[in-house]
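# Structural overview for review
Residue-level listing of the chains:
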Amino acid sequence: TMGLLDISFLSDLKRMNKRQVFYQFLSFGMIVSSALMIWKGLIVATGSESPVVVVLSGSMEPGFYRGDLLFLTNDLEDPIRAGDIAVFRIKGRDIPIVHRVLQVHERDDGYVKFLTKGDNNAIDDRGLYAPGQLWLEKGDVIGRAKGFVPYIGMVTIVMNDYPKFKYAVLGLLGIFVLLNREA
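Being a predicted model, the structure only gives us computed values, none of them experimental.

This next bit is on unusual backbone geometry. The amide bond that connects E61 to the next residue, P62, takes the cis arrangement and shows omega of 5°. Residues other than glycine seldom take positive phi values, yet Y151 does so here, at roughly 60°. Topologically, Y151 is positioned in the loop between strand 7 (141–149) and helix 3 (154–161). Relative accessible area serves as the criterion here: at 47%, Y151 is assigned to the partly exposed category.

Have a look at this one:
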């Protein structure tokens, strides 16, 4: 079926004049830049470098399940408390971790360190931290969960687990945008 789609795509492209092709690529570029502007706006509004994350494992069940979409904020004035759901990054690892704050230690000078644990894990996260690291600090936190939508992030998980599916979906969306002409 991909061969048939390629022929259809090329024939539609040939029927367009240069101005229509340029307009379609311009429309596609506007869609991409609008999405980027919305994302950057969310970053500014929430104070989090990643305002939306997907739960990738079952370590937080039954509170959050694999595929749940979390909405984060990172208000530096709002103190971290035991019980908060923190999303943090460990030095040397690319993928952030979503776990609950278990213990918090604060000094009079404002320095805060804390320990986390997945609700579904038997022990705390010290084994996940960087070698020699026993506590997290505010700088490790990407954000704290303020809301979630169940299972909607499964799309992201499927696309990461099956890269060919991801490229097929993105290709089809791109073709649809380029060939969808307004009357």
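Still more to cover.
Here we come to empty space enclosed by the protein. If you walk through the whole model with that rule in mind, you get 1 cavity of 30 Å³ or more. The volume enclosed by the largest cavity comes to roughly 60 Å³. In this structure, the largest cavity is lined by N74, D75, L76, D78, I80, K138, V141 and R144. Residue classes in the lining of the largest cavity are distributed as 3 nonpolar, 1 polar and 4 charged.

In the structure shown here, the tally under the stated rule is 3 aromatic pairs. An angle of 80° between the planes, with centres 6.3 Å apart, marks the rings of F88 and Y129 as edge-to-face. Of the two residues, F88 sits in strand 3 (residues 85–88) while Y129 sits in the loop between strand 5 (112–117) and strand 6 (136–137), which places them 41 residues apart along the sequence. F88 sits in the buried class, given a relative accessible area of 0%. A cation over an aromatic ring shows up here: R126 above the ring of W135, its NZ or CZ 4.7 Å from the ring centre.

We now examine the nonpolar core. Within the largest apolar cluster, 14 residues are counted, with the highest numbers of intra-cluster contacts made by I80, F88, I90, V101, F114, Y129 and L136. For this core, the elements supplying multiple residues, two or more each, are strand 3, strand 4 (97–106) and strand 5. No other element matches the 3 residues that strand 5 contributes to this core. Ignoring any residue separated from it by four or fewer positions in sequence, one finds Y129 in contact with F88, I90, F114, L115, T116, L134, W135 and L136.

Conventions and cut-offs
- Residues numbered from 1 in each chain as written.
- Predicted model: local features only at pLDDT ≥ 70, side-chain atom pairs only at ≥ 80, totals over all residues.
- Heavy atoms only, no water.
- Helix = DSSP H or I, 4+ residues; strand = E, 2+ residues; numbered from the N terminus.
- Buried < 20%, exposed > 50% of the residue type's maximum accessible area, 1.4 Å probe, protein only.
- 1 Å grid on protein atoms, 1.4 Å probe; cavity = no way out; pocket = protein on both sides within 12 Å on 5 of 7 lines; lining within 4 Å.
- Points joined across faces, edges and corners; volume = space filled by probe spheres on them.
- Nonpolar A, V, L, I, M, F, W, Y, C, P; charged D, E, K, R; others polar.
- Phe/Tyr/Trp six-rings, centres within 6.5 Å; stacked < 30°, edge-to-face > 60°.
- Lys NZ or Arg CZ within 6 Å of the ring centre and 35° of its normal.
- Core = buried A, V, L, I, M, F, W, Y, C linked by side-chain atoms within 4.5 Å.
- Contact = heavy atoms within 4.5 Å.

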